Amino acid sequence: MHAPATSRIPVELLLRAYRGGIFPMADHRSDPEVYWVEPRERAIIPLDGFRLSKSLKKTLRQDRFRVTCNADFAGVIAECAAPREEHAESWISHRIEASYKSLHLAGHAHSIECWQGGALVGGLYGVAFDRVFCGESMFSRTPDASKVALAWLVAAMREAGYALLDCQFMTEHLATMGAVAVSQAQYMQMMARLEGYPATALPDVVARFGASSSPGKSITQSLIQTS
């Protein structure tokens, strides 16, 4: 099922919303309506405060996954929209999914994919503007795949010249990786101080890391270095 082009949220409206600190959600997969969310508190991961556990370091260095950026945006968002458990409803409706595909085609939404063989086994996607990346959702079909995708995202953002990684809602999973809670007012103040654009495009940095003889070691070294 695909949302007709006329029902998609316009790219400019989505970008204006994100710059204003709000984002759309839906009640279920087939919901034709969206509601706009402005959290009182939101989670961010300070780019110099990403928590790299010993087990994640080991996983990264093993290069268990081949990691790409924007190789299968549609596949990542479809996996993120799939129900996580029986009877669960996804907030990523068909309309939201179609809208973010348009945002991706316009160059403002990116995905990080983790592959094993030819299979997509984990990843994340989000919205990029100015020097901000708003992580939307992640998924894992095998242990540690989403953690690896997040580690690659943080390393690539640091290398590219981004300044703020927004994770929207705090979860235990994000807290273990260094996420901290800030008020909406603090978040808007942070965004107001961010001017200009990243020095390098995110996909280019991910490709550069991926071309290394040992990509996982390059990512680990990059994350261990102080900003």
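Residues numbered from 1 in each chain as written. Predicted model: local features only at pLDDT ≥ 70, side-chain atom pairs only at ≥ 80, totals over all residues. Heavy atoms only, no water.

1. Thoughts on the packing of aromatic side chains
Move 1: Applying the stated criterion across every chain yields a total of 4 aromatic pairs.
Move 2: Measuring from ring centre to ring centre gives 5.8 Å for Phe73 and Tyr125, while their planes differ by 80°; the resulting arrangement is edge-to-face. Placement of Phe73 in helix H3 (residues 73–81) and of Tyr125 in strand S6 (residues 119–129) is noted, with a sequence separation of 52 residues between them. The pair Phe73 / Tyr125 is uniform in exposure class, with both members buried.
Move 3: Centroid distance Tyr100 to Tyr125: 6.1 Å. Interplanar angle 75°. Geometry classified as edge-to-face. (Phe/Tyr/Trp six-rings, centres within 6.5 Å; stacked < 30°, edge-to-face > 60°. Helix = DSSP H or I, 4+ residues; strand = E, 2+ residues; numbered from the N terminus. Buried < 20%, exposed > 50% of the residue type's maximum accessible area, 1.4 Å probe, protein only.)

2. Focus on the layout of surface pockets
Move 1: As a volume, the largest pocket reaches approximately 560 Å³.
Move 2: Lining the largest pocket are 28 residues, with Arg84, Trp91, Glu136, Ser137 and Met138 sitting closest to its centre.
Move 3: Those elements giving two or more residues to the lining of the largest pocket turn out to be H3, S6, strand S7 (132–140), helix H5 (145–160), strand S8 (164–168) and helix H6 (172–176). (1 Å grid on protein atoms, 1.4 Å probe; cavity = no way out; pocket = protein on both sides within 12 Å on 5 of 7 lines; lining within 4 Å. Points joined across faces, edges and corners; volume = space filled by probe spheres on them.)

3. Observations regarding the side chain of Ser146
Move 1: Among the secondary structure elements, Ser146 is positioned in helix H5.
Move 2: Take Ser146: its relative accessible area is 9%, and that puts it in the buried class.
Move 3: Among all residues touching Ser146, those that are not within four sequence positions of it are Met138, Phe139, Ser140 and His173. (Contact = heavy atoms within 4.5 Å.)

4. Digging into H5
Move 1: With 16 residues, H5 should reach 22 Å at 1.5 Å per residue; the first-to-last C-alpha distance of 22 Å fits that figure.
Move 2: Of the residues one or two after H5, Gly161 is the one with positive phi, at around 105°. (Expected span 1.5 Å × (residues − 1).)

5. Details of the pattern of salt bridges
Move 1: Tallied over the full model, the rule gives 6 salt bridges.
Move 2: The shortest N-O distance in the salt bridge between Asp144 and Arg64 comes to 3.9 Å. Taken as a pair, Asp144 in the loop between S7 and H5 and Arg64 in the loop between helix H2 (54–61) and strand S4 (66–69) lie far apart in primary sequence, 80 residues in all.
Move 3: Residue Asp144 is classed as partly exposed on the basis of its relative accessible area of 25%. (Salt bridge = Lys/Arg side-chain N within 4 Å of Asp/Glu carboxyl O.)

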